[in-house]
Amino acid sequence: MNLELLESFGQNYPEDFDGALDCISIAITCAFNRQGTLLAVGCNDGRIVIWDFLTRGIAKIISAHVHPVCCLSWGRNGQKLLSAATDNTSSIWDVVSAECDKTFRFPSPILKVQFHPRDSKQFLVCPMKHPAVLMNINGEHRVVPLDDDSDLNIVASYDRRGKHIYTGNAKGRILVFNSIDLDLKASFRVTTGTLNTTAIKSIEFARRGECFLVNSADRIIRVYESGEVLACGKDGEPEPIQKLQDLVNKLLWKKCCFSGDGEFIVAGSARQHSLYIWEKSVGNLVKILHGTKGELLLDVVWHPVRPIIASISSGLVSIWAQNQVENWSAFAPDFKELDENVEYEERESEFDVEDEDKEKEETKGPDEEDSEVDVTTIEPIQAFVSSDEDEEDQEALLYLPVSPDIEEPEESTWALPPEAVAEEMQAQEKKRTQSNTDNTPSPKKKKVKTLEVDLPEAPLDEIHPLLNVKKPNEKGQKKSSRPKQPKSSKPEKSKSKARIDDMYGAASFSWVCQVRNILCALWLLASLQPFHMHLILKSQHYIECFSSYTQL
């Protein structure tokens, strides 16, 4: 694939809906590999579906967890995949063999996991209501220091090359640590127009350049330069280069990320399936992509190389891309596309062997036709190479091998002779008898030992926000705190209403009440006209039916 030919000279952001990927299960989160050839999707049944993004087909399905998968992260070379589930476990998977290398169990729910951008032996974990944890594949861990011990709502992220770790808390404080010795390098506070602070929801870095964005609770996305933040040092006051927000609807953003080249920023609304795209250099809103109304957005990722966005809502992965317009002038510079037939006028010298009217060209030097053209060396694709690298990673996993689906051969062309069939039957019977006589156990997959991560100060009774389930003690408190009411006619009506709400929902009950009100209005209108007696009778009948239904 020649990426230089795919690069458009106009806009470099998606415009329209380009299909959906159905994982059979309900999709929750997704992540592209570094080259953008594979897309990993985490589902609610614990499976990880890996899509070949070029063919839009499923390349592999990994039965990873028992509970829903809440976060995914690819290793640098694409050989390893890091996953986290709502049962407080995190696992490292071998993508080719679909086997689990390591499994770690944390005492509290995991909100985010991220591989080190340059070292696949280290990864970052953000437990719920606990400081970020820097993990090693051997099970060793270090806790990233806090700015305020009372604030435990921490979000963290590696920078583009993994040299620093950026953390943010609920008081708007962002700290920058060295990823090797966890030494504090810089810090600043995100403030609103006044001196009030705002909670940090997420920190995302661009693949190109030194910019990163901060999504905060005040519905504003701030873009900073990491070089300026480090230059300001501790307790600095760096100014954001851009402030992005929806001035009309004041939307709260669910997920934000950069484009592959770092020139655009996409943010997904927390209320509906809408994607807002801004240009980073100018700060203007260039496009709004609207999904199906009534759907809630779960995750948004931008393709690392091409102007393609993948968003998740209602269990499906929606793909947004550019409209491909056919340009036939690329084949011939003087090609013209006609809307209707045009009479062609032949030139006088069009079919002459030698053009007499052609001016003689000036004599030029000899053409250098004997120069050698190098066709053996492979130049690295700039989109796959970082600014501090000269060559591509030779161990990078671009595609997954897929076994072809071979249909049953026809009897006329592939039929075996009867002697070969008899020999195969005898060989199968011998194998069966040997398997029955031998007591050797069948080979099984290796069991991966789960490593317990000891975090003494982590809360043990927290439930992952993705599950959205109330704690059992809260339910007990609510039940015990409610006083018992004496039996009367009014509680019976409330019980019947609750029964209807449970069976049909509150929306259906309100709909029934509205229909009853409409019938009452029709009865009043019909009673004004004496010749509409049949309408009066019908309206009375329907009103009695709906009244008895609502008083069940």
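The coordinates are above.
Residues numbered from 1 in each chain as written. Predicted model: local features only at pLDDT ≥ 70, side-chain atom pairs only at ≥ 80, totals over all residues. Heavy atoms only, no water.

Student: Please set out the sheet that holds strand S25 (residues 285-290) residue by residue, giving values where relevant.
Tutor: Strands sit in the order S22-S23-S24-S25 across an open sheet of 4 strands; the sheet is antiparallel. With partners counted over all chains shown, the strands left at the sheet margins are strand S22 (253-258) and S25, one partner each. Each adjacent strand pair in this sheet contributes to an overall mean axis angle of 20°, direction not counted. Inspection of the sheet shows strand S24 (residues 274-279) paired to S25 by 5 bridges, in the antiparallel sense. Residue pairing for S25: Tyr276 is matched across the bridge by Ile288. (Pairing = 2+ DSSP bridges. Helix = DSSP H or I, 4+ residues; strand = E, 2+ residues; numbered from the N terminus. Axes fitted to C-alpha atoms, helices over the stretch in contact; angles between N-to-C directions.)

Student: Provide a residue-level description of the sheet that holds strand S11 (residues 122-127), including the pertinent values.
Tutor: Strands sit in the order S10-S11-S12-S13 across an open sheet of 4 strands; the sheet is antiparallel. Two strands in the sheet have a free side with no partner beyond their single neighbour: strand S10 (110-115) and strand S13 (141-143). Put simply, the sheet's adjacent strands are angled 20° from each other on average, direction ignored. The pairing of S11 with strand S12 (residues 133-136) spans 4 bridges and is classified as antiparallel. Bridging from a neighbouring strand, Val125 pairs with Val133 of S12.

Student: Please set out the environment of Asp94 residue by residue, giving values where relevant.
Tutor: Of note, Asp94 is situated in strand S8 (residues 89-94). Residues Asp94 and Ile62, spaced 32 residues apart in sequence, show a C-alpha to C-alpha distance of 9.8 Å. Once residues within four sequence positions are removed from consideration, Asp94 is found in contact with Gln79, Lys80, Glu99 and Asp101. Side chain to side chain, Asp94 and Ser97 meet in a polar contact 2.9 Å long. (Contact = heavy atoms within 4.5 Å. Polar contact = N/O pair within 3.5 Å; in protein donor to acceptor, adjacent residues only side chain to side chain.)

Student: Just give me the short version of the environment of Asn169, but keep the residues and values in it.
Tutor: Relative to the elements of secondary structure, Asn169 occurs in the loop between strand S15 (164-168) and strand S16 (173-178). Taking C-alpha positions, Asn169 is 9.6 Å from Ser202, a pair spaced 33 residues apart along the chain. The contact partners of Asn169, leaving out residues within four places of it in the chain, are Asp151, Asn153, Ile154, Ala199 and Ile200. Here the side chain of Asn169 touches Gly172 through a polar contact of 3.3 Å, landing on its backbone nitrogen.

Student: Give a detailed account of the nonpolar core, specifying residues and quantitative values.
Tutor: Judged by nonpolar contacts, the single largest core of 18 residues is most densely connected at Leu39, Val41, Trp51, Val317 and Ile319. When contributions to this core are tallied by element, the ones reaching two or more residues are strand S2 (27-32), strand S3 (38-43), strand S4 (47-52), strand S27 (309-313) and strand S28 (316-321). Leu39 has contacts with Leu21, Cys30, Ala31, Phe32, Val49, Ile50, Trp51, Phe53 and Val317, leaving out every residue within four places of it along the chain. (Core = buried A, V, L, I, M, F, W, Y, C linked by side-chain atoms within 4.5 Å. Buried < 20%, exposed > 50% of the residue type's maximum accessible area, 1.4 Å probe, protein only.)

Student: I'd like a rundown of the packing of aromatic side chains, residues and numbers included.
Tutor: If you walk through the whole model with that rule in mind, you get 13 aromatic pairs. Measuring from centroid to centroid gives 6.4 Å for Phe115 and Phe123, while their planes differ by 80°, and the two rings are edge-to-face. We note that Phe115, like Phe123, is buried. Through successive ring pairs, a cluster of aromatic residues spans Tyr166, Phe188, Phe205, Phe212 and Tyr224. (Phe/Tyr/Trp six-rings, centres within 6.5 Å; stacked < 30°, edge-to-face > 60°.)

Student: Requested: an account of the pattern of salt bridges, with residues and values cited.
Tutor: Counted according to the given criterion, the structure contains 12 salt bridges. Taking the shortest distance from any N to any O, the salt bridge between Glu452 and Arg105 comes out at 3.7 Å. Of the two residues, Glu452 is situated in strand S29 (residues 450-452) and Arg105 in strand S9 (residues 99-105); the sequence distance between them amounts to 347 residues. On the basis of relative accessible area, Glu452 is assigned to the exposed category, the value being 58%. For Arg105, a relative accessible area of 32% translates into the label partly exposed. (Salt bridge = Lys/Arg side-chain N within 4 Å of Asp/Glu carboxyl O.)

Student: Describe the side chain of His303, listing the residues and the values that go with them.
Tutor: Counting through the fold element by element, His303 comes out in the loop between strand S26 (297-302) and S27. Here Gly36 takes part through its backbone oxygen, which lies 2.8 Å from a polar atom of the side chain of His303. When residues no more than four places from it in sequence are discounted, the contact partners of His303 are Phe32, Gln35, Gly36, Phe53, Gly260 and Ile308.

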